[in-house]
Amino acid sequence: MSDTAAEGFIAKLMAAAPVFVMNVECYHYETRTRTVSDGNGGTRTETYQAKVVTWSATDHIVYSSWMDRSTKVTGLQSVKLMKMKLEKKLEYADEATYHEFERQRMHFRAMNNFDVHQGYSETMEIEGFTSHVLAALNGVVPKNVSKKMYIIVSVFCGSYFYRVWLDKLCHATDVNIRKRVSAQTIDSPLVFGYETAGNQNIFLGLTYQNFYGTAHPDANIAQAAQAVQNVPTAVPMATAFVPQGEGAAAESANIPKTDGAPPGGLKHEEPDNPAGSAASPAGSPSAPAPPSGASSPAANAQSQLPRGVAVSCPPGGAPGQRISFRTPDGTNLSAQIPEGVAEGQTFIVHY
């Protein structure tokens, strides 16, 4: 259970800047032999393929600005505990931002492609994020809701009934933590710079207002929220660009849904989007979905990338001298030692 009130927990996530981490791992397979039992008291030799990792690298995707577009949860006046299931999602402010992200991904992979195979992964990190959390509204934990009480009840075989009681006390809800990023620098109190956290007081005030329908009791926090209540969403951050093939279905798949009417009139609201939740930039034609069976640019990235190999300048080597070397896949090549490289230093050759 979170030690922070539900509104404080959500506000912290809303104020956290998104960090996009790229990872690559270069590797090849080697045929090796080992001795195993033949099941009859003897042994036999078998061959197997071993994965050999020869290079790995990590870097961040750089953007210019971001804003929070997370789910609004309102009407919690009569709720005591909130059991939240959270998801995080990246949104591109426009098509130019999407292509800039793709460019950085391709460049990073190309500069770190040093073996026969390359594995790529990417994560979106938000400080404090967890996929499931139980939090008290206003930070007031109901009586008998504690780990100590659960242990006591369990000793007397009552854990099942305790969980049933706790489930009835909680309201379960889904919350999407959405971060919309842009390749442009935008001047707005609700738009923040690259990996720069937002003003947590603003988000705490806004979240408190949404949760309970009234201003935060702390005057400074209430004023911070009030100051941005009527600030228009900065263009081009008002709408999200949906990459080809992801479409409206992918956008709506993450919209939280509840069964029946929740207590206290609880409802979920996705942030206003004047041009629709899955809009392309104003004036841009909608891109058709890729043909059935067609590969996306990302799927074809590996075949389009140049390969690279680290080469050491041999003893007596000097800039301008041509040397021969062998690539990890067995190809014999030669290259000229570049300017500024001294004996024993390593340089990268792309082929």
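Residues numbered from 1 in each chain as written. Predicted model: local features only at pLDDT ≥ 70, side-chain atom pairs only at ≥ 80, totals over all residues. Heavy atoms only, no water.

**Considerations on the packing of helix 3 (residues 147-155) against helix 4 (residues 159-169)**
Then comes step 1: It is at 8 Å that the axes of helix 3 and helix 4 come closest, and there the two elements cross at 140°. With respect to each other, helix 3 and helix 4 are oriented oblique. When helix 3 is examined against helix 4, the residues M149, Y150, V153 and S154 are found in contact with a partner set consisting of S159, Y162 and R163.
Then comes step 2: Partitioned by chemical class, the residues of the contact of helix 3 with helix 4 number 4 nonpolar, 2 polar and 1 charged. (Axes fitted to C-alpha atoms, helices over the stretch in contact; angles between N-to-C directions. Helix = DSSP H or I, 4+ residues; strand = E, 2+ residues; numbered from the N terminus. Parallel < 35°, antiparallel > 145°, perpendicular 65-115°, else oblique. Contact = heavy atoms within 4.5 Å. Nonpolar A, V, L, I, M, F, W, Y, C, P; charged D, E, K, R; others polar.)

**Concerning the sheet that holds strand 6 (residues 117-125)**
Then comes step 1: Judged by pairing direction, the sheet is antiparallel, and its 3 strands sit side by side in the order 2-1-6 without closing on themselves. Each edge of the sheet is formed by a strand with only one pairing partner; in this case those strands are strand 2 (43-60) and strand 6. With strand direction ignored, the average angle separating the axes of adjacent strands in the sheet is 25°.
Then comes step 2: Where strand 1 (residues 19-37) and strand 6 come together, 9 bridges link them in antiparallel fashion. (Pairing = 2+ DSSP bridges.)

**With respect to the packing of helix 1 (residues 6-15) against helix 5 (residues 200-212)**
Then comes step 1: Two numbers describe how helix 1 lies on helix 5: the axes approach to 8 Å, and their chain directions differ by 135°. The angle between helix 1 and helix 5 places the two elements in the oblique class. The crossing of helix 1 and helix 5 is right-handed. Mapping the contact onto sequence places A6, E7, G8, I10, A11, K12, M14 and A15 in helix 1 and Q200, F203, L204, T207, Y208, F211 and Y212 in helix 5. (Left-handed = near helix turned anticlockwise from the far one by under 90°.)

As far as function goes, none of this settles anything; it's purely spatial.
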